[in-house]
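Analysis of the macromolecular model
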Amino acid sequence: APAQPQKRGMSATLDKIRFIIVVASGKGGVGKSTTSANLALGLAAQGWRVGLLDADIYGPSAPRLFGLSEKPKVDNGKLVPPESYGIKVMSMGFLVDENTPMVWRGPMVAQALTQLLNEVAWGELDALVVDMPPGTGDVQLTMAQQTPIAGAVIVSTPQDLALIDARRAVAMFQKVEAPILGIIENMSYFLCPHCGGRSEIFSHGGARHDAEKLGVPFLGEAPLDMKIRETSDAGRPVVGAEPDSPQAAVYLNLAAKVK
Ligand code: ADP
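The following refers to the structure shown. Keep in mind that what you see is a predicted model, and the values were worked out from it rather than measured.

**Notes on the overall build of the chain**
Tallying secondary structure elements over the chain gives ten helices and twelve strands in all. Taking the principal axes of the C-alpha coordinates as reference, the chain spans close to 55 × 35 × 35 Å. Counted over contacts in the chain with a minimum sequence separation of 6, partners at least 24 positions apart contribute 74%. Positive and negative side-chain charges of the chain, numbering 24 and 26 respectively, have mean locations separated by a distance of 3 Å.

What follows is the structure in structure tokens.
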């Protein structure tokens, strides 16, 4: 990932982070949070010091994904990010009740994000992986304006509908001049655990095709897989909990390409 020096010096906190890598999708439910978590763990497995910022202010998922529930401590006026499998995690979900709806206007969302970025004791990091909310809204704009995004990873399912939105996400990052690291096709295929047969439930290959058309790298595929879902739901993402599994290998490969 190339460094973007022009926005350095914006905050002492961000200055200690080498690369800010955002993970985005055009729409929700395509596996962006799952991919973010496992990519973060994959980067850590390759020796990087990694933080994960859950920038989905309205629908945070990192606390659950990483099995964290305690409120972050405050040290020297900064929130201390709880750790899971060596990843420093920060999320709005730590600060608000799970059942409280967030009814905020854009400026409040931008302010919350700014705090999650700057008023957190991230320390020295090689990468801060930012799990973005779906779509192209206030959070995306704030991130682009306030941080030196080293690169954006776009997650899509193989289907047309998800891809149309993914193309929008690509266009948005290009517009704000954030480098696109590439597109990942999630739920790309299904390997039947009983018969070993392969099914392409949501079709296949659409993301690779679109990446080629858009002139951005295609980073690879992750299967639709029971273990990926189960480990995420249990707060033990597969790369952290079962690093030697074939499922973890998929993300370790993707992380190596992002790195
Ligand atoms: P998003 O962040 O795009 O809204 P999530 O990462 O929350 O999506 O994923 C939505 C649901 O799909 C979750 O229950 C998650 O466990 C599941 N999921 C995501 N990716 C996969 C996958 N490759 N295989 C199986 N289940 C997956």
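**Notes on the nonpolar core**
Among the nonpolar cores identified, the biggest contains 79 residues, and Phe66, Met143 and Phe173 are the most heavily contacted of them. Every residue in contact with phenylalanine 173, bar those within four places of it in the chain, is listed here: Val22, Ala24, Met132, Ile149, Ala152, Ile154, Ala178 and Ile180.

**Things to note about the side chain of serine 91**
Along the polypeptide, serine 91 turns up in strand β6 (residues 87-91). Not counting residues within four places of it along the chain, the set of residues in contact with serine 91 comprises Asp54, Pro60, Ala62, Pro63 and Leu116.

**Brief notes about the site of the ligand**
In the neighbourhood of the ligand, 16 residues make up the surrounding shell, with Gly29, Lys32, Ser33, Thr34 and Pro223 lying closest. One of the side-chain N or O atoms of asparagine 186 is found 2.9 Å from a nitrogen atom in the ligand. Aspartate 225 has a polar backbone atom sitting 2.9 Å from a nitrogen atom of the ligand. Against a free-state accessible area of 560 Å², the protein chains account for coverage of 79% of the ligand. When residues of the shell around the ligand are traced back to their parent elements, those giving at least two are α2 (32-45) and α8 (226-233). Among the residues making up the shell around the ligand, the classes are represented as five nonpolar, seven polar and four charged.

**Brief notes about the sheet that holds strand β2 (residues 50-54)**
Taken in spatial order, the eight strands make up an open sheet running β5-β6-β2-β7-β1-β8-β9-β12, and their pairing is mixed. Bordering the open sheet on either side are β5 (83-84) and β12 (218-222), each of which pairs with just one other strand. With five bridges joining them, β2 and strand β7 (residues 125-131) adopt parallel strand pairing. Counted as the bridge partner of leucine 52 is valine 129 from β7. Packed on one face of the sheet, helix α6 (residues 160-175) meets β1 (17-24), β8 (149-156) and β9 (180-186) and runs near 170° to β8.

**As for the pattern of salt bridges**
Counted by the stated rule, this structure contains eight salt bridges. Of the charged contacts, one joins lysine 32 and aspartate 131 as a salt bridge, the two residues approaching to 2.8 Å between their closest N and O atoms. Taken together, the residues span a long stretch of sequence, with lysine 32 in helix α2 and aspartate 131 in strand β7 at a distance of 99 residues. Judged by its relative accessible area of 2%, aspartate 131 falls in the buried class. Residue aspartate 126 is joined to arginine 49 by a salt bridge in which the shortest nitrogen-to-oxygen separation is 3.2 Å. In this pair, aspartate 126 sits in strand β7 while arginine 49 sits in the loop between α2 and β2, placing the two residues 77 residues apart along the sequence. Residue class for arginine 49 comes out partly exposed when judged on its relative accessible area of 41%. Among the ionic contacts, a cluster of salt bridges with common partners joins Arg18, Arg49 and Asp126.

**Side note on the packing of α6 against helix α7 (residues 206-214)**
As a packed pair, α6 and α7 sit with axes 11 Å apart at the nearest point and diverge in direction by 35°. Considering the relative orientation of α6 and α7, their crossing is right-handed. Residues Leu163, Arg167, Val170 and Gln174 of α6 form the contact with α7, whose own contacting residues are Gly206, Ala207, Asp210 and Leu214. Of the residues in the contact of α6 with α7, the class split is four nonpolar, two polar and two charged.

**Some points on the packing of helix α4 (residues 106-118) against helix α5 (residues 138-146)**
One way to put it is that α4 packs onto α5 with a least axis distance of 9 Å and a crossing angle of 50°. Classified by the angle their axes make, α4 and α5 are oblique. Between α4 and α5 lies a crossing of right-handed hand. Along the contact surface, α4 presents Gly106, Val109, Ala110, Leu113, Thr114 and Leu117, while α5 presents Asp138, Val139, Thr142, Met143 and Gln146. Looking at the contact of α4 with α5 residue by residue, the classes come out as six nonpolar, four polar and one charged.

How each quantity is defined
- Note on numbering: residues in each chain are counted from 1, in written sequence order.
- Local features in this predicted model are restricted to residues of pLDDT 70 or higher, and side-chain atom pairs are both shown and tallied only at a pLDDT of 80 or more, whereas totals for entire chains, interfaces and linings draw on every residue.
- Hydrogens and waters are ignored; side-chain quantities use all the structure's heavy atoms.
- In this text, helices come from DSSP runs of H or I with a minimum length of four residues, and strands from runs of E with a minimum of two, each type numbered from the N-terminal end.
- Only heavy atoms matter for contacts: two residues are in contact if any of them lie within 4.5 Å across the pair.
- Charge counting treats Lys and Arg as positive and Asp and Glu as negative, with His and both chain ends excluded.
- By convention, charge coordinates are those of NZ in Lys, CZ in Arg, CG in Asp, or CD in Glu.
- What makes a nonpolar core is a set of buried Ala, Val, Leu, Ile, Met, Phe, Trp, Tyr and Cys residues whose side-chain atoms join them at distances within 4.5 Å.
- Partly exposed describes any residue whose relative accessible area lies between the buried limit of under 20% and the exposed limit of over 50%, with all areas from a 1.4 Å probe on protein chains only and scaled to the type maximum.
- We call a residue near a molecule or strand as soon as one heavy atom of that residue lies within 4 Å of the molecule or strand.
- Pairs of N or O atoms within 3.5 Å make up the polar contacts considered here, provided that, within protein, one atom can donate a hydrogen while the other can accept it, and that residues adjacent in sequence are counted only when both atoms are side-chain atoms.
- Residue-level accessible areas treat just the shown protein chains as cover; the underlying method is Shrake-Rupley with a 1.4 Å probe.
- Classes in brief: Ala, Val, Leu, Ile, Met, Phe, Trp, Tyr, Cys and Pro nonpolar; Asp, Glu, Lys and Arg charged; the others, Gly included, polar.
- A pair of strands is labelled paired if DSSP reports no fewer than 2 bridges between them.
- Only the stretch in contact is used when a helix axis is fitted, and all axes are lines through C-alpha atoms; the angle between N-to-C directions ranges over 0 to 180 degrees.
- Salt bridges are counted wherever a side-chain nitrogen of Lys or Arg sits within 4 Å of a carboxyl oxygen of Asp or Glu.
- Left-handed is the label given to a crossing in which the near helix is rotated counterclockwise from the far helix by less than a right angle, and right-handed is the label when the rotation is clockwise.
- Should an angle fall under 35 degrees it is called roughly parallel, over 145 degrees roughly antiparallel, and 65 to 115 degrees roughly perpendicular, with every other angle called oblique.

Shape descriptors only; they carry no functional weight alone.
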